[in-house]
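What the coordinates show
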Amino acid sequence: MTNIIGQYVRMVTFLFQRQGIQLTTLFYLRYIQVQGGIKLFQRKLIIFLWRLAIDRLPTRLNLVSRGVDIGNIGCSICNHGVEDNHHIFFSCLLAKEIWRKVSLWTSVDINRFASWSEWLSWYDQWEENISNKNRMYTIVAATVWVIWRFQNGVIFSENPMRKDEIFDSIRNYSYTWLFSRSKKQMSWNSWLVKPL
Ligand SMILES: [Zn+2]
């Protein structure tokens, strides 16, 4: 397991250097690992976050710019705006609604970011204890993860997630990732009321 992680970190480091991507993002991938998250975070989630950070998710805009003929680059959720990663995760009306709910739930004002890098720069400066920082990062990771799953469901699934399931799903994922195999515990009810 350690070897796989080592190889993964080296691969990411190489790609980040090659593409001139801010190393802060790499730091947060490491941060997840240092905090023990690697055991909890699925590898596919880490890869998803990495692809989000370097804008390599298969959004409609990215597909078209790679020459894939999909006809329409409008957002598959709201149909108001070009479907790029900033739109899907931050400026889409649905995303805004979800961030507002997450902000209310966590009592942290995180519904004002326009991009993943904006969120990361804020997070970097955020003076909080490590436990709350860890929780907040996990909640935000769960938020983008669930939005992406929802968006994919709209396009590909015969039985897509409903909009009103998104927020519950975020609370579920983040709780599982944080506490399922951790010695630190928190009751589900406390989590729903006051996650930080
Ligand atoms: Zn949209």
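Quick caveat, the model's predicted, so the values are computed rather than measured.

1. Section: the nonpolar core
Ranked by internal contacts, the top residues of the largest apolar core, which has 32 residues, are Phe89, Ala95, Val140, Ala141, Ala142, Val144 and Ile147. Of all elements in the fold, only helix 4 (43-53), helix 6 (85-91), helix 7 (93-106), helix 8 (116-125), helix 9 (130-156) and helix 10 (166-179) reach the threshold of two or more residues within this core. Among the elements that take part in this core, helix 9 stands out by supplying eleven residues, more than any other. Setting aside anything within four residues of it in sequence, one finds Val144 in contact with Leu52 and Phe89.

2. Observations concerning the confidence of the model for the protein
Overall, the predicted model of the protein reaches an average pLDDT of 81, with 77% of residues at or above 70. Note on residues 19-24: pLDDT is under 50 here. Beyond four places in sequence and across chains, it has six contacts.

3. Quick notes on the packing of helix 9 against helix 10
The N-to-C vectors of helix 9 and helix 10 enclose an angle of 135 degrees; their axes lie 8 Å apart at closest approach. Considered as vectors, helix 9 and helix 10 are oriented oblique to each other. The crossing of helix 9 and helix 10 is right-handed. Seen from helix 9, the contacting residues are Arg135, Thr138, Ile139, Ala142, Thr143, Trp145, Val146 and Phe150; seen from helix 10, they are Ile166, Ser169, Ile170, Tyr173, Ser174, Trp177 and Leu178. When grouped by side-chain class, the residues that make up the contact of helix 9 with helix 10 number ten nonpolar, four polar and one charged.

4. Some details on helix 7
Side chains three or four residues apart in an α-helix point the same way, a direct result of the helix having 3.6 residues per turn. With 14 residues, helix 7 should reach 20 Å at 1.5 Å per residue; the first-to-last C-alpha distance of 20 Å fits that figure. Residues Ala95, Ile98, Trp99 and Val102 constitute the buried set of helix 7. On an axial view of helix 7, the arc spanned by its buried residues comes to 100 degrees, and they lie on one face. Within helix 7, the exposed residues directed more than 90 degrees away from the buried face are Leu93 and Leu104. Where helix 7 is buried, its residues contact helix 6, helix 9 and helix 10.

Procedures and definitions
- Residues numbered from 1 in each chain as written.
- Predicted model: local features only at pLDDT ≥ 70, side-chain atom pairs only at ≥ 80, totals over all residues.
- Core = buried A, V, L, I, M, F, W, Y, C linked by C-beta atoms within 7 Å.
- Buried ≥ 20, exposed ≤ 12 C-beta atoms within 10 Å, placed from the backbone.
- Helix = DSSP H or I, 4+ residues; strand = E, 2+ residues; numbered from the N terminus.
- Contact = placed C-beta atoms within 7 Å.
- pLDDT = per-residue confidence, 0-100.
- Axes fitted to C-alpha atoms, helices over the stretch in contact; angles between N-to-C directions.
- Parallel < 35°, antiparallel > 145°, perpendicular 65-115°, else oblique.
- Left-handed = near helix turned anticlockwise from the far one by under 90°.
- Nonpolar A, V, L, I, M, F, W, Y, C, P; charged D, E, K, R; others polar.
- Expected span 1.5 Å × (residues − 1).
- Arc of directions from axis to C-beta.

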